[in-house]
Amino acid sequence: MSIAEQDPNAAKVARETAGTETPRRWLGKSLNRVEDPRFLRGQGRYLDDIKLPGMLHAAVLGSPHAHAKIISIDTSKAEALPGVVRVVTGKDVAEHAAPLPSFGAGPIVQDMIAIEKVRHYGETVAAVIAENRYIAEDACDLIEVVYEQLPVVLDPVAAREEGSALVHEALETNTAYERTFSFGEVDRAFEDADRSVTANLYWPRSTGMPMDTNGAIGDYDRGTGVVTIHANSMNFTYFLWLIAGSLKIPAGKLRLVPVVAGGSFGSKFFMHKVPTFAGFLSMLVGKPVKYVEDRRTHITNNDHHGSDRRYDASLAFDDDGEFKALRISCIDDYGAYLQFGTGTHGNALSQIVGPYRIQHVEYSLAAVLTNKNQQGAYRGFGAEVSNWILERLVDLAARDLDLDRVEIRRRNLIPAGSFPYRTPTGNIYDSGNYQGVLAKVLEDVDYDHWVEYRAKARAEGRHVGIGVVASQERSVFSSTEFWFWFDDPQFTPTSSPESASVRIGPTGEIVVTLHSQSMWGNSPETVVSQVLAEEFDVDPASVVVNYADSQNALPGTGPGGSRYTVMVAGAVAGASSELKDKIRRIASDKLEVAEADLEFRDGGVGVVGVPDRHLMLADIAMTAYMFRLDLPPDMPSGLAAHCTYDHPLTTLPNADRSDLGIFYPFVGHAWHIAVIEVDIETGKLEFLRYAAVHDAGTIVNPRTLDGQVIGGTVQGLGTALYEEILYDDLGRVRNESFEHYHLPSSMDAPSITVGHQETPSPYTAYGIKGAGEGGRMLAPAIMSAAIEDALSPYGVTVTSLPISAEQIVEWATGPRSD
Amino acid sequence: MSDKRVVRVEVNGAWHDGLVEPRRTLSDFLRDDLDLTGTHVACENGFCGNCNVLLDGETVRSCLMFAVQADGRSLTTVEGLAEPDGTLGRLQQAFHDNHGLQCGFCTPAMLLTAHEYLEAYPDGGTDEQIREAISGVICRCTGYQHIVESIRAAAGGAA
Ligand code: FES
Ligand code: FES
């Protein structure tokens, strides 16, 4: 079935890398990561490890108020402190810079430093550049700011009412965006269905919270006018002109250098606040300036808090458990700015029906501005929230029907024979075998055993609960999700390519250049090394990987939306294919055999079936570089290839947006089962069993995939049980340090068994699908389900997160919640 | 500044002298004055353990200590765990073999904390004991499981 035209280059790559008869040599093996040794020795070269000659250090003064006019700023005492080079305020920004980039619609302007008023607690009001960070921080304490406090907007529902104070006066409302999408005949389906369940659900604001905060070093070269910025993020190399715009420099004069990051999880996704800021400070003083967020600033003023959503959601179904329609209405508290637009809801629409055959969907969104930090990306990018909503509704439906929670899901799964499957929104699921994953997880965990165990434990008065949930894991966005919200969008990108350059040097060494930020905890170097090993049969540890700076970069989008492995594998495969053609031509000349009789083996090229007729890559490369007259006449010297690999399969939305097109089509599938025991006196949980089975298409490296699944799951447990950024009545963050913002520790995390099924994607290189976010898509839903099950004697329904120990105790011992 | 003080510390077997302000943290002293940037700071107020180093064999939070407090004492940082030629030490190798790191930011502190633990429990103890031993070091990437497996493997492996 042909669903859409595949990108022709991507189609070629998919064809060439599709499974061959011979088993794969290097892909699919749990090789040790090539990134590891430098990090194990403490030689990671993170941003804060880098020192440039003459480098100065910046610290910022954050607003103590959530909403206030800046009346005056007196910097004289700060300036008088020895070691202070310059104090910077909004006045400097107004004079020398333009606002920060924004992907949101409407007049929602954000500056690097607040100019007339502050819109959230912790927003930057001034900065100090000094000889060292100690002095810079001391000087920040000496800056005197007079504020006039304004009414604070915190509740997104009240913020929508007439007469509310406004976060952005120019917008004339706090509702930055509002729309309802309808797919199919939702009203009719709800009327016709035998039953429905409805829930009001709340997903709390948390954040990716990497151990390494966002940081950058600006290095302005007065001579050339080039602003070099070393930053621990570089996404979207083709959007960096936006940063140049904020700095008011020609785009070509901006040079971003990607630096390794100690984690992102969304918080460094198209990170622009910190790099732009560091570049600006450097331009002001003409010297390198380092700015690294401290933890408090990261929590109160980073680029990306996660979703903060209130839902009214309903699922219609028949008496036999067949799902019919889904209606979701969401008020999303975006905080003070709309930097990344409503893309996180576009993301949710890519897999809004989960793995189920639901035909009719309505989705309403109100994006509301309040006096909180801006919202953006967090692992799952909004789809983790929608999966929690869907799985909550499914559990409620099971309860309504008194039907087993596995059985109700099984009855609704999309059958294995129906791929590629078009979902109601228009996005497709490329391939899958959901029944297979379910069967495997039930078997891995010995589900029946635990059902019996639970019955016995309950008879003894123990509170044992089982959670069973499923999720899709969409991967590889095409970028239309950022603008299909509008009938008449101003800017409609449809491209999100990734590039790779592969060079085989004269002595046969393979050096690959990647063209975006890559290493932030994922394994880009291992992935490309394994792909190159697969193509050339070389030792992956011998491949050298480096990263281009933005002036040298080909189009690169970087990690995000579980796209990087798929896309970089495609780019490396594409470049390899070109090189292999050239190598074959040279080798066929040298060995005097037809190209078709050649194969890549043992670090070179050999004649099929003739072990001793073989040339090493070095032999061929030396010829390619040095002996032009030995080459075929039309062949230029050298052995290098570049490939820009475009999104393999994407289509435009239609005019009335009843079809959003294909925008996130490589879709993995997973099930998790957790068995927990709850101590109702303390609210503490014990994990008796936690099992996960994921299908992410062809696996590059099973062990690193396990690492992503386990790490993401534990992060999801944090969302489910502990994490929330708490704003008080005045809009101040109450938990701005790790003392009060609890991250899961080794004692909180379960031991997880991870299983895999491999259903290749027909559209991608090697059939790989992305898989970086799945754990966090399932864990909140599974904890909700398992706790609800354990507390079933008390009639508990989990409708908001995080589920605290106190809440559990209250449910079990206090008055019933409803 | 005139109120600077001399500190003398042994780090990974070599003695270093420094002239520091009394308020200079040990982590800043290691990172900026001695260029030992393997010690990482993630919260600067004692809650994440990412800055752990060994002081006379015991883990301390280097962000909470002043450099002057380490005067005359002996420190081990992550840079002291590998052989001089860069060959990974046993624990490091076990982390490598068992995917005990993702972004690598918490890894130096994890290694040193595990090192201290294995000195006390050379046979590795139970998973529960390992989890307890590392519970003061926050890792945002791994979910800890492969770290626990790495430490167990290091205990089992020959030196
Ligand atoms: S940096 Fe020292 S405990 Fe967090
Ligand atoms: S490996 Fe990233 S914080 Fe532990």
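Predicted model only: the values in this text are computed from it and were never measured.

Student: Hey, could you run me through the overall build of chain A in this one?
Tutor: When helices and strands are tallied, chain A shows 20 helices and 28 strands. Relative to its length of 818 residues, chain A is compact, with a C-alpha radius of gyration of 27 Å against a globular reference of 28 Å. Here chain A holds 818 residues, and 65% of them are scored as buried. Restricting the contact set of chain A to residue pairs at least 6 apart, pairs at least 24 apart contribute 80%. For chain A, the accessible area works out to roughly 27500 Å², and carbon and sulfur atoms hold 49% of it.

Student: So what exactly am I meant to see when it comes to the sheet that holds strand 22 (residues 598–601) of chain A here?
Tutor: Hydrogen bonds between backbone atoms are what pair the strands of a sheet, whose relative direction is either parallel or antiparallel. Residues and elements named next belong to chain A. On the basis of which strands lie adjacent, the open sheet formed by three strands has the order 22-23-24 and antiparallel pairing. With partners counted over all chains shown, the strands left at the sheet margins are strand 22 and strand 24 (610–616), one partner each. Sheet twist, expressed as the mean angle between neighbouring strand axes with direction ignored, is 35°. Inspection of the sheet shows strand 22 paired to strand 23 (residues 604–607) by four bridges, in the antiparallel sense. Across the sheet, the residue bridging to Glu-599 is Gly-606, located in strand 23. Packed on one face of the sheet, helix 17 (residues 617–626) meets strand 23 and strand 24 and runs near 40° to strand 24.

Student: Where do I start with the pairing of strand 18 (residues 463–475) of chain A in this structure?
Tutor: Taken residue by residue, a regular strand's side chains alternate between the two faces of the sheet. Residue and element names in this part refer to chain A. Across the 13 residues of strand 18, 13 count as buried, placing the element largely inside the fold. Alternating positions in strand 18 separate into two faces, His-463, Gly-465, Gly-467, Val-469, Ser-471, Glu-473 and Ser-475 on one and Val-464, Ile-466, Val-468, Ala-470, Gln-472 and Arg-474 on the other, with burial throughout. Relative to strand 26 (residues 666–679), strand 18 runs antiparallel, the two being bridged by 13 bridges. Paired with Val-464 across the strands is Glu-677, a residue of strand 26.

Student: Would you explain the interface of chain A and chain B in this entry?
Tutor: Taken together, the 53 residues of chain A in the interface contact 49 residues of chain B. Summed over both partners, the interface of chain A with chain B buries about 4200 Å², with 54% contributed by carbon and sulfur atoms. Per-residue buried area on chain A facing chain B is highest for Leu-40, Tyr-134 and Met-211 of chain A; these three make up 19% of the total on that side. Connecting chain A to chain B are five salt bridges. Between Lys-51 of chain A and Asp-35 of chain B there is a salt bridge; the shortest N-O distance is 2.8 Å.

Student: What exactly am I supposed to notice about the packing of aromatic side chains here?
Tutor: Geometry of an aromatic ring pair is reported as the spacing of the ring centres plus the angle between the planes. All names here are of chain A. Inspection of the entire model under this criterion finds 38 aromatic pairs over all chains. Ring centres 6.5 Å apart and planes at 25° place the aromatic pair Phe-103 and Phe-340 in the stacked group. Residue Phe-103 is located in the loop between helix 4 (90–96) and strand 4 (117–118), and its partner Phe-340 is located in the loop between strand 14 (323–335) and helix 10 (343–349); the two are separated by 237 residues in the primary sequence. Judged by its relative accessible area of 27%, Phe-103 falls in the partly exposed class. Here Phe-340 falls in the buried class, since its relative accessible area comes to 5%. Here Tyr-177 and Phe-486 contribute two aromatic rings whose centre-to-centre distance is 5.2 Å and whose plane-to-plane angle is 80°, an arrangement assigned as edge-to-face. Pair noted here: Tyr-177 is in strand 7 (residues 175–183) and Phe-486 is in the loop between strand 18 and strand 19 (498–504), with a separation of 309 residues, a long-range link. Positioned above the aromatic ring of Phe-600, the side-chain terminus of Lys-580 is 5.0 Å from the ring centre. In this structure, Arg-776 packs its charged tip against the face of Tyr-378, placed 3.4 Å from the ring centre.

Student: When you look at the packing of helix 18 (residues 702–721) of chain A against helix 19 (residues 774–790) of chain A in this model, what are you seeing that I'm missing?
Tutor: When two helices pack together, you describe them by how their axes are tilted relative to each other and by the distance separating the axes. Residue and element names in this part refer to chain A. Two numbers describe how helix 18 lies on helix 19: the axes approach to 7 Å, and their chain directions differ by 50°. Taken together, the axes of helix 18 and helix 19 lie oblique to each other. The way helix 18 lies across helix 19 gives a crossing that is right-handed. Together, Val-709, Gly-712, Thr-713, Gln-715, Gly-716, Leu-717, Thr-719, Ala-720 and Leu-721 of helix 18 and Gly-775, Arg-776, Ala-779, Pro-780, Met-783 and Ile-787 of helix 19 make up the contact between the two elements.

Student: Explain helix 14 (residues 447–459) of chain A here, please?
Tutor: The periodicity of an α-helix, 3.6 residues per turn, causes residues three or four places apart in sequence to face the same way. All names here are of chain A. Over its 13 residues, helix 14 extends 19 Å from the first C-alpha to the last, a length consistent with the 18 Å expected when each residue adds 1.5 Å. Here helix 14 has its buried residues at Tyr-447, Trp-450, Arg-454 and Ala-457. An end-on view of helix 14 places all buried positions within 80° of arc, on one side of the element. When the buried face of helix 14 is taken as reference, the exposed residues oriented beyond 90 degrees from it are Asp-448, Glu-452, Lys-456 and Ala-459. At its buried positions, helix 14 is contacted by helix 12 (405–412), helix 13 (434–445), strand 18, strand 26, strand 27 (684–695) and helix 19. Following helix 14 by one or two positions, Gly-461 adopts a phi angle in the positive range, close to 85°.

Student: When you look at the nonpolar core in this model, what are you seeing that I'm missing?
Tutor: It is characteristic of soluble globular proteins that their nonpolar side chains tend to be buried jointly. Residue and element names in this part refer to chain A. Ranked by size, the top nonpolar core spans 212 residues in total, and within it Leu-315 and Leu-349 carry the most contacts. Beyond its immediate chain neighbours, meaning those up to four positions away, Leu-315 contacts Phe-190, Arg-195, Ser-196, Val-197, Phe-323, Ala-325, Leu-326, Ile-358, Leu-393, Val-394 and Ala-397. Counting residues in hydrophobic clusters, the runner-up holds 58 residues, among them Leu-27, Val-543, Ala-621 and Tyr-763.

Reading the values: the criteria
- Residues numbered from 1 in each chain as written.
- Chains lettered and ligands numbered in written order.
- Predicted model: local features only at pLDDT ≥ 70, side-chain atom pairs only at ≥ 80, totals over all residues.
- Heavy atoms only, no water.
- Helix = DSSP H or I, 4+ residues; strand = E, 2+ residues; numbered from the N terminus.
- Rg over C-alpha atoms; globule rule 2.2 N^0.38 Å.
- Buried < 20%, exposed > 50% of the residue type's maximum accessible area, 1.4 Å probe, protein only.
- Contact = heavy atoms within 4.5 Å.
- Areas by Shrake-Rupley, 256 points an atom, 1.4 Å probe, with all protein chains shown as cover.
- Pairing = 2+ DSSP bridges.
- Axes fitted to C-alpha atoms, helices over the stretch in contact; angles between N-to-C directions.
- Buried area = accessible area lost by both parts, 1.4 Å probe.
- Salt bridge = Lys/Arg side-chain N within 4 Å of Asp/Glu carboxyl O.
- Phe/Tyr/Trp six-rings, centres within 6.5 Å; stacked < 30°, edge-to-face > 60°.
- Lys NZ or Arg CZ within 6 Å of the ring centre and 35° of its normal.
- Parallel < 35°, antiparallel > 145°, perpendicular 65-115°, else oblique.
- Left-handed = near helix turned anticlockwise from the far one by under 90°.
- Expected span 1.5 Å × (residues − 1).
- Arc of directions from axis to C-beta.
- Core = buried A, V, L, I, M, F, W, Y, C linked by side-chain atoms within 4.5 Å.

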